[in-house]
Amino acid sequence: MPRVLLIEDDPSVREGVELGLRRRGHEVRAAETGEAGLAALKTFQPELVLLDLMLPGINGVQVCTRIRETSQLPIIMLTARGDDFDVVIGLEAGADDYIVKPARTEVIEARIRAVLRRLAEPAGRPGLEFHGELALDRAGLTAAKSGERLPLAPSELKLLLHLAASPEQVFSRQQLLESVWEHSYHGDARLVDACVRRLRHKVEDVPGSPRYIQTVRGFGYRFGPLR
């Protein structure tokens, strides 16, 4: 079972989540501040981070930003304010998903498994493929542009591979939520939009005029055709 770093300042939430995940076989390290969580990253070496959005001192968004400076470790945000603007800021900072508190252990476990599957399951056919300056290695789960490997978070890589598997096909946000994030219910389109914005900044020469990840107004997104 994957090692999980839990960064949460609310004692009742922290203890409940930690106990629930331990019972399911996870090795868990808990921290109550952003500073303590960043320190634990170096010694614990987790495979996934559960990160509270509202932390004292260094908040969750700042922690997420610092992690993304050096690592593409999967990050799931925990928030008590699912419809708040701060969620969008957290997603823009690089979080792969978010969970609204309080949440049952089985819900948290399902999200953890879904995020980690994005690292383990190639989307579409295996092998190396080229799209303009982009090289996608589905077997190795990597993407490169002009020979340089792109630092893509799990959700960004899965989204890119999914779109590129069907060039010119238009996908609605709900279809992408179901395929990439495995949200079978009517999910939050902000996950998709935030991930697209992050991906464009890494993939496109001019993010505001994308060649690869294109918007189809009123419908969703598609990959190419390149212009």
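Analysis parameters
Residues numbered from 1 in each chain as written. Predicted model: local features only at pLDDT ≥ 70, side-chain atom pairs only at ≥ 80, totals over all residues. Heavy atoms only, no water. Pairing = 2+ DSSP bridges. Helix = DSSP H or I, 4+ residues; strand = E, 2+ residues; numbered from the N terminus. Contact = heavy atoms within 4.5 Å. Axes fitted to C-alpha atoms, helices over the stretch in contact; angles between N-to-C directions.

Chemist: What exactly am I supposed to notice about the sheet that holds strand 11 (residues 213–216) here?
Modeler: Within a sheet, each strand pairs with its neighbour through backbone hydrogen bonds, oriented either parallel or antiparallel. One open sheet holds the three strands; their spatial order is 10-12-11, and the pairing between them is antiparallel. At either end of the open sheet lies a strand with only one pairing partner, and these are strand 10 (171–172) and strand 11. Across two bridges, strand 10 lies against strand 12 (residues 220–223) in antiparallel orientation. The residue bridging Phe 171 from the neighbouring strand is Tyr 221, located in strand 12.

Chemist: Sorry if this is basic, but what is going on with the environment of Asp 137 here?
Modeler: Among the structural elements, Asp 137 can be located in strand 7 (residues 134–137). Sequence spacing of Asp 137 and Leu 161 is 24 residues, and the spatial spacing of their C-alpha atoms is 9.0 Å.

Chemist: Can you help me understand the pairing of strand 11 in this one?
Modeler: Residues in a regular strand project their side chains so that they alternate between the two faces of the sheet. For strand 11 and strand 12, the ladder comprises four bridges, and the chain directions are antiparallel. Paired with Ile 213 across the two strands is Phe 223, which belongs to strand 12. Remark: three residues form the turn of the hairpin made by strand 11 and strand 12, two consecutive strands paired antiparallel; Gly 218 in that turn has positive phi of roughly 80 degrees.

Chemist: How should the sheet that holds strand 7 be read in this particular structure?
Modeler: The strand order across the open sheet built from four strands is 6-7-8-9, with neighbouring strands paired in antiparallel fashion. Of all the strands in the sheet, just strand 6 (128–131) and strand 9 (148–149) have a single pairing partner and so form its edges. Pairing of strand 7 with strand 8 (residues 142–145), which is carried by four bridges, proceeds in the antiparallel orientation. In the strand pairing of strand 8, Asp 137 is matched with Thr 142. Across the sheet, helix 6 (residues 154–164) touches strand 6, strand 7 and strand 8, and the angle it forms with strand 7 is around 100 degrees.

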